[in-house]
Amino acid sequence: MLKVVVFIKQVPDTSSKAGVNPDGTIDRARAKRMLNPFDRYALQKAIEIKRQYGAEVTCVTMGPPPAVEVLVEAFEHGADYGILLTDKRLAASDTLATAYALHMVVRHIGAFDVILTGLQTTDGDTAQVGPQIAERLHIAQITYCEGLSISGTTLSARRVVEGGFQEMEVQLPVLITVANSATPLDYKRFGDVAAVKEFLRHPEEREKRIKIVSLDTIGADSARTGLVGSPTVVGKTWKLGEIGGSCVVFQGESMEREVSELIEKLKADGKGVEELINA
Amino acid sequence: MPNPNNVVVVAEQLQGDLQQITQELLGAARGLAEKLGTGVSCFLLGHGITPLAERLIHSGADEVIVVDDPQLKEYTTLTYRRGVIAILEHLKTPPPIVLMGSTTIGRDLAPRIAAYMEVGLTADCTELDIGDYEHKGKADPTKVGTFNNILYAIRPSFGESLKARILGPWKKPQMATTRIGVMQALPLDKTRKGAVFTVAVKFEQEDFRVKVVKTARDVSTSVNLTEAKVIVSGGAGLGGPEGFDVVRDLASVFKDAVVGASRRAVDSGWIPYAHQVGQTGKTVRPDIYIALGISGAIQHRVGMANAKTIIAVNKDADAPIFKFAHYGIVGDLYQVAPLLKKELIKMAREKGVKAGA
Ligand SMILES: Cc1cc2nc3c(=O)[nH]c(=O)nc-3n(C[C@H](O)[C@H](O)[C@H](O)COP(=O)(O)OP(=O)(O)OC[C@H]3O[C@@H](n4cnc5c(N)ncnc54)[C@H](O)[C@@H]3O)c2cc1C
Ligand SMILES: Nc1ncnc2c1ncn2[C@@H]1O[C@H](COP(=O)(O)O)[C@@H](O)[C@H]1O
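Being a predicted model, the structure only gives us computed values, none of them experimental. Numbering of residues starts from 1 in every chain and runs along the sequence as written. In the order they appear in the text, chains get letters beginning with A and ligands get numbers beginning with 1. Reporting of local features is limited, given that this is a predicted model, to residues whose pLDDT is at least 70; pairs of side-chain atoms are given and counted only at 80 or more, and all residues count toward the totals for whole chains, interfaces and linings. Side-chain descriptors were evaluated using all non-hydrogen atoms of the structure, hydrogens and water having been removed beforehand.

Here the focus is the site of ligand 1. Taken together, 31 residues lie around ligand 1, and Ala236, Ser262, Thr280, Ser295 and Gln299 of chain B are the ones closest in. Near, as used in this document, describes a residue that has one of its heavy atoms within 4 Å of the molecule or strand being considered. Looking at what sits near ligand 1, you find residues from chains A and B. At 2.7 Å from a nitrogen atom of ligand 1 is found a main-chain nitrogen or oxygen belonging to Val277 of chain B. Polar contacts here mean pairs of N or O atoms no more than 3.5 Å apart (in protein, one a potential hydrogen donor and the other a potential acceptor; neighbouring residues in sequence count only if both atoms are side-chain atoms). At a separation of 2.9 Å, a nitrogen atom of ligand 1 approaches a polar backbone atom of Leu333 of chain B. Out of a free accessible area of 980 Å², ligand 1 has 89% covered by protein chains. In these tables, accessible area is a Shrake-Rupley quantity obtained with a 1.4 Å probe, and a residue counts as shielded only by the protein chains included in the view.

In structure tokens:
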């Protein structure tokens, strides 16, 4: 059976105003939490592989204790096992330090065939952690993957590139970052939601499915994680006005009204739209 | 021997075409190099690409370091990784700064190089600068100190609501990728002179683990998106190929309008790829861009954000496109588009009457 590892992260929900400080930074303690939307595509791809080829799917997340919530969500989607890496010495890890810690989780797991990550996170927003895990594990990667199939030990994939796409073949193991384009999300839960609720209630069952590990458990070197292990720091932040600044939005009861208000505004702003029309 | 103290740009070419991002990076690198009092080196990898070195010099490079090898004909992560590492190791001392593009290649390759070198990498920068920094944080005493002339890598964060300056003065090279279409390319200067060096690379068997079976690049110019004055685009919100009838109908109002599309509409097979606008489609700068049922993902936005007037129609008031469009209508495009068509015609007629009177 294929062994699939999926990296998922819990991120602050920036669409809700809760936990957003006046200066635009996030107060993670107060912010609502959610599964990184890009990681849903990775999770969906993992479940597809499981349904199509048969696979054991292990989800891994690194974060503070509440991050266990994303593992529960992953079980509902059909994942088999979850690992939460949580440790105070991970705080303020940049991508290099995060990838170091996450690759140590993979080493702790042992054998694997396919590692899936999201394209990027909505808070870190770098798309770097996936390739950096692959580098640490000395394995091949396919980033921006839009579709894949597996035959024996060969994985075929389609990758987005400027101007089109590439089709490629790779021998397992491989790390894939899953693009958000092409396949829309399927909101069905493929896991047995009632059974998930049930095993979460029994500490023994729960422990079989969810492992909570620290840097010591996985044998990671704390000098390579957190602030100490990160070659970069955030020096300064500014709040931006709404970008582009000033979208004039027409919204209301009647479409006729909205459209005619837009036209009036275009005229008033002297956009010269009239000149471009066939009249 | 190439100068290891230069600011480095890793060039990007696809099948022998230099990508625009490379000129943008060279423009940015020159600015940094002038502040540092050093030059600009460009790494150029591929097969049969040595003649491109001159273009790179005309675009701002002082030195071009070429790896020209049949194994680099197609881009693959591991072979290009080996090539870049070979050049960096050839330089003996690591350069101060290495820049790449936030493209599907740059974002594939840069993180692997950074992890190999164990250095920092800042993604998707929109500004780069040089300055000083005093690190006071006591959490790690080995980091404390004052650092002069380091890279300021500035990038948007948290859904573009914040801008952050990322610093990594402790290790060299300081690495960054920059967003497409943001840095200023320099005008081509055919009188510029520079030096070209070549480096040989020794591949390992493991570098060939990924085989490219096919590369489909559509460079068709059958649809003239880049020169159109007006673009009316449709996205997944159209719900099906027939939706493009509505898009075409609205476009027919304008004198010189072309139909555009989001990648999702193209991938759904509703319209050919030649219509796609965005990072992996065309970059456009029309006077008017009307987006019907397009959410405004960053990869779409980088292709059309320079339109003079952007009008978005979307039924979701929270769609990201309303953050950067100039005008927006929240509503069902199937209701809005016909009304918009009618009103636009009326508007032009009224104007015509006034002009005639
Ligand atoms: C490497 C890479 C490169 C990419 N390159 C590109 C690119 O070049 N160009 C590109 O466009 N994308 C590109 N993408 C994909 C991009 O990330 C988005 O997935 C894509 O742009 C989404 O297309 P969309 O807005 O049509 O679809 P969606 O994001 O699904 O948005 C559809 C919108 O329609 C609205 N809607 C639905 N029904 C209606 C209705 N009846 N009336 C009005 N509104 C309605 C919805 O509210 C929604 O906002 C790329 C992705 C990757 C990973
Ligand atoms: N703390 C984390 N825990 C688990 N996975 C992560 C974490 N951070 C990043 N990842 C994975 O790496 C991908 C890219 O993240 P980023 O480089 O932060 O944009 C995400 O989509 C996740 O799949």
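Spatial ordering of the open sheet is given by 13(A)-18(B)-17(B)-16(B)-14(B)-15(B), a layout of six strands whose pairing is parallel. What marks the edges here is a single partner per strand, and that holds for strand 13 (248–250) of chain A together with strand 15 (257–261) of chain B. Averaged over all pairs of adjacent strands, the angle between their axes in this sheet comes to 15°, without regard to strand direction. By this definition, two strands are paired if DSSP reports at least two bridges between them. By the criteria applied, helices consist of DSSP H or I runs no shorter than four residues and strands consist of E runs no shorter than two, each listed in order from the N terminus. Note that strand 13 of chain A and strand 18 (residues 327–330) of chain B share three bridges and pair parallel. Bridge pairing links Val249 of chain A to Gly328 of chain B in strand 18 of chain B. Across the sheet, helix 5 (residues 243–251) of chain B lies against strand 14 (230–234), strand 15 and strand 16 (288–292) of chain B, angled at about 150° from strand 15 of chain B, the strand it touches most. Between the N-to-C directions of two axes lies an angle of 0 to 180 degrees, each axis being a line fitted to C-alpha atoms and, for a helix, fitted only over the stretch in contact. By definition in these notes, contact holds between two residues if any of their heavy atoms fall within 4.5 Å.

A few words on the domain arrangement of chain B. All names here are of chain B. On domain assignment, one finds that chain B holds domain 1 (7–208) and domain 2 (225–350). Boundaries between domains were set according to an automatic or database domain assignment. Averaged C-alpha coordinates put domain 1 and domain 2 at centres separated by 35 Å. Taken together, the contact pairs six residues of domain 1 with five residues of domain 2. When two parts are put together, the accessible area they lose, computed with a 1.4 Å probe and summed over both, is reported as buried area. Together, the buried faces of domain 1 and domain 2 total about 430 Å²; carbon and sulfur atoms form 54% of this surface. Three residues stand out in domain 1 for area buried against domain 2, namely Glu160, Arg179 and Ile180, and they jointly supply 65% of the buried area on that side. One speaks of a salt bridge when a side-chain nitrogen belonging to Lys or Arg is within 4 Å of a carboxyl oxygen belonging to Asp or Glu. Where domain 1 meets domain 2, there are zero salt bridges. Remark: the boundary between domain 1 and domain 2 carries zero residue pairs in polar contact (both at pLDDT 80 or more). Residues are grouped as follows: Ala, Val, Leu, Ile, Met, Phe, Trp, Tyr, Cys and Pro are nonpolar; Asp, Glu, Lys and Arg are charged; all remaining types, including Gly, are polar. Among the residues making up the side of domain 1 that touches domain 2, the classes are represented as one nonpolar, three polar and two charged.

Residue and element names in this part refer to chain A. Surveying the vicinity of ligand 2 reveals 19 residues, the closest of which are Phe7, Asp39, Thr121, Thr126 and Ala127. In this structure, Asn36 approaches ligand 2 through a side-chain N or O atom, which is 3.5 Å from an oxygen atom. Expressed as a share of its isolated accessible area of 490 Å², the protein-covered part of ligand 2 is 97%. Of all the secondary structure elements, the ones that give two or more residues to the shell around ligand 2 are strand 4 (55–62), helix 3 (95–109) and strand 6 (114–118). For the shell around ligand 2, the element with the highest residue contribution is strand 4, accounting for three residues. When grouped by side-chain class, the residues that make up the shell around ligand 2 number seven nonpolar, nine polar and three charged.

A few words now on the interface of chain B and chain A. Across the contact, 95 residues belong to chain B and 92 residues belong to chain A. Together, the buried faces of chain B and chain A total about 8,200 Å²; carbon and sulfur atoms form 57% of this surface. Sorting the residues of chain B by area buried against chain A places Phe158, Tyr327 and Met347 of chain B first, and these three jointly supply 9% of that buried surface. Remark: the boundary between chain B and chain A carries nine salt bridges. Between Glu118 of chain B and Arg136 of chain A there is a salt bridge, with its nearest N and O atoms 3.3 Å apart. At the boundary of chain B and chain A, one finds 46 residue pairs in polar contact (both at pLDDT 80 or more). Sorting elements by how many residues they give to the side of chain B that touches chain A places helix 8 (residues 333–356) of chain B first, with eleven residues.

Right, let's talk about the packing of aromatic side chains for a bit. Residue and element names in this part refer to chain B. Here a pair means two rings of Phe, Tyr or Trp (six-membered ring of Trp) with centres within 6.5 Å. Their orientation is stacked below 30 degrees between planes, edge-to-face above 60, and tilted elsewhere. The tally for this structure, following the rule as stated, stands at four aromatic pairs over all chains. Look at Phe203 and Phe208: their rings are 5.7 Å apart centre to centre, the planes differ by 50°, and that puts the pair in the tilted class. Throughout this description, the term charge over a ring refers to an Arg CZ or Lys NZ atom that lies within 6 Å of the ring centre and within 35 degrees of the ring normal. Over the ring of Tyr152 we find Arg165; its NZ or CZ atom is 4.0 Å from the centre of that ring.

This next bit is on the pattern of salt bridges. Counted by the stated rule, this structure contains 39 salt bridges over all chains. A salt bridge links Asp87 of chain A to Arg89 of chain A; the shortest N-O distance between them is 3.0 Å. Note that Arg257 of chain A and Glu261 of chain A form a salt bridge whose closest N and O atoms lie 3.1 Å from each other. Here the residue Arg257 of chain A and the residue Glu261 of chain A both occupy positions in helix 8 (residues 255–268), the gap between them amounting to four residues, near one helical turn. Buried means the residue's accessible area, taken with a 1.4 Å probe over protein chains only, is under 20% of the maximum for its type, while exposed means over 50%, and partly exposed covers the values in between. Looking at Glu261 of chain A, the relative accessible area reads 33%, which means it is partly exposed. Each of Glu146 and Arg158 of chain A together with Arg263 and Asp267 of chain B takes part in one network of salt bridges that share partners.

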